[in-house]
Amino acid sequence: KVVVLRGHTAGNGIPLVLMGDGFINTEIEDGYYEQVMHKTVDNLFTEHPISELKEYFDIYCVKVVSPTNSFGTGKTTLDCWMDAGSSTGVGGNDKAVQAYAQKVEGIDLDNTQVVVILNSDAYKGTNYFYWYEDGRPLDFAIAYFPVIENLESENFRRVLLHETVGHGIGKLDDEYSYEENPVIPDDMMSQRRQQQEDFGWWLNVDFTDNEEDVLWSDFLFDARYDDQGLGIFEGACTYMTGAYRSTEESMMRNNIQGFNAPSRRAIYNNIIRRGEGRTPSLEEFIEFDQRTYVAPAQTRSQVPSRPFGRPQVRKLDRPLGQ
């Protein structure tokens, strides 16, 4: 069964499909499944700029009944799995996820963000990007993560935003780094640069510390952004050196202090591109951002979250859903 949770009132409507895995029949009948989905929608719009752009989305919930609510020891409908131990990797059967998303009548998978929520309180999260082998990028993405800790958990909210809004909608890279990753490899740097140029992905990171050449140089020289802590900080893409981010902290680093200006611009641009079929100018974004942006409330938790593994990029040789 498909439930419409929200319809668009601006643009053409960007499909966002929510579904769960590991929810048994009684957990759907007693309303817990829909409670999870409604809380997910509430959390989705709690950070700028998506909080000001929710009218562009069509949000659907697809009810998925699993025979068990146990991962690893039982069978679930979407075959979701979670890495053991401290690893945060999580995933599922992408083909099954696509099939359930297609329960939404007339949906265009190429333009769809899917969120799969696992019926577990584990601390995991991974987003999957896609592109065709002929070089065409897709707006289709799947974000997998559990009901981390509980429905009211700040970590559940932040991981949802990091994976779904940051990676999935904004096509952002991670801004944290691991000590075991000392230097970003040349081949990864080259791939990231090519995808920045060809796909418009990863625009919140760069591989130069020259303030005139870095991707967010416009913000560095704009007095309107003097109070946002912008600069060039080494450490991004999970590597300690060779990759740079624009702020010390952010939603794409330790899941605190919201999305920084380059990330907000990427999220805004992608929503307008998908919702209206055009790419906004820099000045249009700045006008929107100056009018709507509010720094994250100090009452919101500023305790850093444990970083995740990098998003996974998969190449397709056939249309989605086939």
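So, how was this worked out
Residues numbered from 1 in each chain as written. Predicted model: local features only at pLDDT ≥ 70, side-chain atom pairs only at ≥ 80, totals over all residues. Heavy atoms only, no water. Buried < 20%, exposed > 50% of the residue type's maximum accessible area, 1.4 Å probe, protein only. Helix = DSSP H or I, 4+ residues; strand = E, 2+ residues; numbered from the N terminus. Pairing = 2+ DSSP bridges. Axes fitted to C-alpha atoms, helices over the stretch in contact; angles between N-to-C directions. Salt bridge = Lys/Arg side-chain N within 4 Å of Asp/Glu carboxyl O.

A closer look at the pairing of strand β6 (residues 113-118)
Part 1 of the reasoning: Burial of β6 is extensive: 6 of the 6 residues sit out of reach of the surface.
Part 2 of the reasoning: Examined bridge by bridge, strand β2 (residues 14-21) and β6 share 6 bridges and lie parallel to one another. Directly across from G20, in β6, lies its bridge partner I117.
Part 3 of the reasoning: Summarising the sheet, β6 and strand β8 (residues 137-146) pair through 6 bridges and their orientation is parallel. For L118, the partnering residue across the bridge sits in β8 and is P146.

Let's talk about the sheet that holds strand β11 (residues 312-316)
Part 1 of the reasoning: The 7 strands are arranged β1-β3-β2-β6-β8-β7-β11 in an open sheet whose pairing can be described as mixed. Each of the sheet's edge strands pairs with one partner strand only, and the pair in question is β1 (2-6) and β11. Shown here is a sheet whose adjacent strand axes are inclined to one another by a mean of 20°, direction ignored.
Part 2 of the reasoning: Alignment of β1 against strand β3 (residues 57-62), held across 4 bridges, turns out to be antiparallel. What sits directly across from V2, in β3, is V62.

Here we look at the pattern of salt bridges
Opposite charge on two side chains permits pairing when their charged atoms draw close.
Part 1 of the reasoning: Under the criterion given, the structure shown has 17 salt bridges.
Part 2 of the reasoning: The salt bridge involving R274 is made with D139; its shortest N-O contact spans 3.9 Å. In this pair, R274 sits in helix α7 (residues 261-276) while D139 sits in strand β8, placing the two residues 135 residues apart along the sequence.
Part 3 of the reasoning: For D139, a relative accessible area of 14% puts it in the buried group.
Part 4 of the reasoning: A salt bridge links R157 to E154; the nearest nitrogen and oxygen atoms lie 2.9 Å apart. Here E154 and R157 lie together in helix α4 (residues 154-169), a separation of 3 residues that amounts to about one turn.
Part 5 of the reasoning: Connected via shared salt-bridge partners are E47, E154 and R157.

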